[in-house]
Number of protein chains: 2
Amino acid sequence: VFETLSVDRVYEAAERIRPLAHRTPVMSSRGFDEEAGLRACFKCENLQRGGSFKIRGAANFVLSLPREELPMGVVAFSSGNHAQAVAIAARFAGTHATIVMPSDAPRSKVEATRANGARIVFTESLAEREAVCRGIAEETGASFVPPFDHPWIMAGQGTAGLELIEEVPDLEALIAPVGGGGLLSGCGVAVRAVNPKIRIFGAEPAAASDTFLSLEAGEHVGIEPPVTLADGLRTLRPGALTFPILKSLAEAVVLVTEDEIAAALKFVLLRMKILIEPSAAVAVAAVLFRKLPAEVRSVGIIVSGGNVDYEVLRAL
Amino acid sequence: VFETLSVDRVYEAAERIRPLAHRTPVMSSRGFDEEAGLRACFKCENLQRGGSFKIRGAANFVLSLPREELPMGVVAFSSGNHAQAVAIAARFAGTHATIVMPSDAPRSKVEATRANGARIVFTESLAEREAVCRGIAEETGASFVPPFDHPWIMAGQGTAGLELIEEVPDLEALIAPVGGGGLLSGCGVAVRAVNPKIRIFGAEPAAASDTFLSLEAGEHVGIEPPVTLADGLRTLRPGALTFPILKSLAEAVVLVTEDEIAAALKFVLLRMKILIEPSAAVAVAAVLFRKLPAEVRSVGIIVSGGNVDYEVLRAL
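Summary of the structure given here. From a predicted model like this one, the values you see are computed outputs, not experimental measurements.

**A short note on the sheet that holds strand S8 (residues 199–205) of chain B**
Residues and elements named next belong to chain B.
Here is step 1: Strand order in the open sheet made by the six strands is S1-S2-S10-S7-S8-S9, with mixed pairing throughout. Of all the strands in the sheet, just strand S1 (26–27) and strand S9 (250–256) have a single pairing partner and so form its edges.
Here is step 2: As defined by bridge partners, S8 adjoins S9 across six bridges and the pair is classed as parallel. Across the sheet, the residue bridging to Ala-203 is Val-254, located in S9.

Encoded structure:
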């Protein structure tokens, strides 16, 4: 049992976010299983509201705020899925969101976030954005919604794992992509509580292996800004709260190459007919290219999202 | 009630094909509904076994054959979804399939059909293929599995509509793409039996409007081989058995342009995160571009399949 996150918090989050987040389907594919040599269950967060699992954590956070803080709004920094999720959750809660984005954020993400009613503030540099965000929070009284390193966020993300393990309780293993570690820590706590024997794995791009390196070292290791297709996994170090949980629960973080990420995305698109984003393809690639221990016969894959830029998709 | 097809035959087909065809999910999308101005329910046959609804008719046909005819095998002509469906159904029934294909059929379709255990026979010309097929049937005693114009096929395809209307009984309208008319006639009979008020529409590419023209004329009208993205809808005339049913049930066949087909495919891919084939996108485009009467507030769309050639997808 972890101080920062127990499965009870995940159950509570599941109740809290019910009006806002979909219960996404669990898919399987004979063709995939043949290729990968095991039985895989895909938890389809690409079909989630806002196109990714991020709505779970954002909704749990916003709906956990004290009632008197809501009118001041919320603020977050993100150029991707967290931005849309926070905007959707804020609108649902009847408040307003300010999203801090890099000035070179893809136009499609800016438009999608704006379409959900958020105000956008652009910053020039990555280094600046957290400071800008905290400045807005101090000035306006808005609540800062962190991307991963908070018990409410982790508990919210864990509801994806909870739904999966309720539907397929006998899975031998779980795998999820690791950016900041909010998704894997939350899901890990949830699935382990329901199935104490389940083996837990993370997946990272070889080019962005901060959690892999940190687990090897037994302590936080930072990396330089990585170049990877998996834009959701470009965090530079695991979270202060997420890492201890991953250290305790995860058997390993497996690494995949950029080519494997692209091949997994294409396989799922052309054979299973669903669009997944490169970050989600990282976990799928780990299974498809048999990076799990050979004796694992069944695995649940958290397919984290489906938001792919048109240009990126065409380049593949 | 039609002589060739009653809803009881569809119910029987549903029982018969249960071990072989998936019950596909029904999806909806807030973003699509906003764009289209009504509530749309997508019956996802792109997630069907073999990647299209065709397994329903093929399975119902093969499993309806007298037991003593099965050992002689089955034969069909198709370069697309029907080929894979017949191969899968034959293997399941413990017999063998011969598929007659044009010699320039896409390599991916040839491989997929072969991977399902079928023998492939190539013909030079489109005109030849039915003759080659019937020749094989006569020589070997194999049963010919027609692509659409047979009560068993129509009843099988109708099970997609039956599942949809059971799940969403209050739909005001149904729309499906029309090639030979097997899908729409089967689904039309099924949904009308459950919901007698439902309005029924077909969708065709403007470039392949044989059923549209035939309905206008009140009799079979043939067209020249059409040029359209929707490779599953290139039939030259409606079927002898399907047409009388369409004439009686369908309020209209609506036409869409090639640009609208491509735009609908892209919208569904990037916003709903599922891959649909151009033929399926024809029905989606008809709704997205508001070709239905303005007073229709809800529609079920039969998303017929998801098999898209990689090259075609890239060209879009």
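Next comes the rest of the write-up.
**What about the relation of the copies chain B and chain A?**
Here is step 1: At an RMSD of 0.0 Å, chain B and chain A line up after a rotation of 180° and a shift of 0.0 Å along the axis. With respect to symmetry, the two chain copies, as superposed, fit the operation of a two-fold axis. In terms of C-alpha distance to the rotation axis, chain B has B:Ile274 as its closest residue, with the C-alpha 2.1 Å off the axis.
Here is step 2: A symmetric contact is evident, with 100% of the interface residues of chain B recurring at the interface of chain A.

**A short note on the packing of helix H11 (residues 258–272) of chain A against helix H12 (residues 278–288) of chain A**
Residues and elements named next belong to chain A.
Here is step 1: Two elements in contact, H11 and H12, have axes whose closest approach is 8 Å; the angle formed by their N-to-C orientations is 90°. With respect to each other, H11 and H12 are oriented roughly perpendicular. Residues Glu-260, Ile-261, Ala-264, Leu-265, Phe-267 and Val-268 of H11 lie in contact with H12, whose contacting residues are Pro-278, Ala-281, Val-282, Val-284, Ala-285 and Leu-288.
Here is step 2: When grouped by side-chain class, the residues that make up the contact of H11 with H12 number eleven nonpolar, no polar and one charged.

**Some remarks on the packing of helix H3 (residues 54–64) of chain B against helix H4 (residues 81–92) of chain B**
Residues and elements named next belong to chain B.
Here is step 1: Interaxial distance between H3 and H4 falls to 8 Å at its minimum, and their mutual angle equals 40°. The pairing of H3 with H4 is recorded here as oblique in orientation. With respect to the hand of their crossing, H3 and H4 are arranged in right-handed fashion. Contact residues: H3 offers Lys-54, Ile-55, Ala-58, Ala-59, Val-62 and Leu-63, while H4 offers Asn-81, His-82, Ala-85, Val-86, Ile-88, Ala-89, Ala-90 and Phe-92.
Here is step 2: Considered class by class, the residues forming the contact of H3 with H4 number eleven nonpolar, two polar and one charged.

**So, H12(A)**
Residue and element names in this part refer to chain A.
Here is step 1: With respect to burial, H12 is a largely interior element, eleven of its eleven residues being buried.
Here is step 2: Among the residues of H12, those classed as buried are Pro-278, Ser-279, Ala-280, Ala-281, Val-282, Ala-283, Val-284, Ala-285, Ala-286, Val-287 and Leu-288.
Here is step 3: Among the residues trailing H12, Arg-290 stands out with phi positive, at a value near 55°.

**Topic: the sheet that holds strand S1 (residues 26–27) of chain A**
Residues and elements named next belong to chain A.
Here is step 1: Spatial strand order, S1-S2-S10-S7-S8-S9: six strands in an open sheet with mixed pairing. Both outer strands of the open sheet, S1 and strand S9 (250–256), are each paired with one neighbouring strand and no more.
Here is step 2: Set on the sheet, H12 makes contact with strand S2 (39–44), strand S7 (173–177), strand S8 (199–205), S9 and strand S10 (298–303); between it and S10 the angle comes to about 165°.

**Examining the interface of chain B and chain A**
Accessible area lost on assembly of the parts is the figure often given for the size of an interface.
Here is step 1: In this complex, chain B contributes 19 residues to the contact, which on the side of chain A involves 19 residues.
Here is step 2: For the chain B and chain A pair, buried surface summed over both sides reaches about 1,500 Å², with 62% attributable to carbon and sulfur atoms.
Here is step 3: At the boundary of chain B and chain A, one finds zero salt bridges.
Here is step 4: At the boundary of chain B with chain A, the tally comes to ten residue pairs in polar contact (both at pLDDT 80 or more).
Here is step 5: Mapped onto the side of chain B that touches chain A, the elements with two or more residues apiece are helix H11 (258–272) and helix H13 (310–315) of chain B.
Here is step 6: At four residues, the largest contribution of residues to the side of chain B that touches chain A is made by H11(B).

**Quick notes on the packing of aromatic side chains**
Residues and elements named next belong to chain B.
Here is step 1: Here the structure, examined in full by the defined rule, presents eight aromatic pairs over all chains.
Here is step 2: Here Phe-32 and Phe-42 contribute two aromatic rings whose centre-to-centre distance is 4.8 Å and whose plane-to-plane angle is 85°, an arrangement assigned as edge-to-face. Within this pair, whereas Phe-32 is found in helix H2 (residues 30–36), its partner Phe-42 is found in strand S2 (residues 39–44), the two being separated by ten residues in sequence.
Here is step 3: A relative accessible area of 0% means that Phe-42 is categorised as buried.
Here is step 4: Taking 5.0 Å as the distance between ring centres and 65° as the angle between the ring planes, the aromatic pair formed by Phe-61 and Trp-152 counts as edge-to-face. Taken as a pair, Phe-61 in helix H3 and Trp-152 in helix H7 (residues 151–167) lie far apart in primary sequence, 91 residues in all.

Conventions used here
- Residues numbered from 1 in each chain as written.
- Chains lettered and ligands numbered in written order.
- Predicted model: local features only at pLDDT ≥ 70, side-chain atom pairs only at ≥ 80, totals over all residues.
- Heavy atoms only, no water.
- Pairing = 2+ DSSP bridges.
- Helix = DSSP H or I, 4+ residues; strand = E, 2+ residues; numbered from the N terminus.
- Least-squares fit on C-alpha atoms with pLDDT ≥ 70 in both.
- Contact = heavy atoms within 4.5 Å.
- Axes fitted to C-alpha atoms, helices over the stretch in contact; angles between N-to-C directions.
- Parallel < 35°, antiparallel > 145°, perpendicular 65-115°, else oblique.
- Nonpolar A, V, L, I, M, F, W, Y, C, P; charged D, E, K, R; others polar.
- Left-handed = near helix turned anticlockwise from the far one by under 90°.
- Buried < 20%, exposed > 50% of the residue type's maximum accessible area, 1.4 Å probe, protein only.
- Buried area = accessible area lost by both parts, 1.4 Å probe.
- Salt bridge = Lys/Arg side-chain N within 4 Å of Asp/Glu carboxyl O.
- Polar contact = N/O pair within 3.5 Å; in protein donor to acceptor, adjacent residues only side chain to side chain.
- Phe/Tyr/Trp six-rings, centres within 6.5 Å; stacked < 30°, edge-to-face > 60°.

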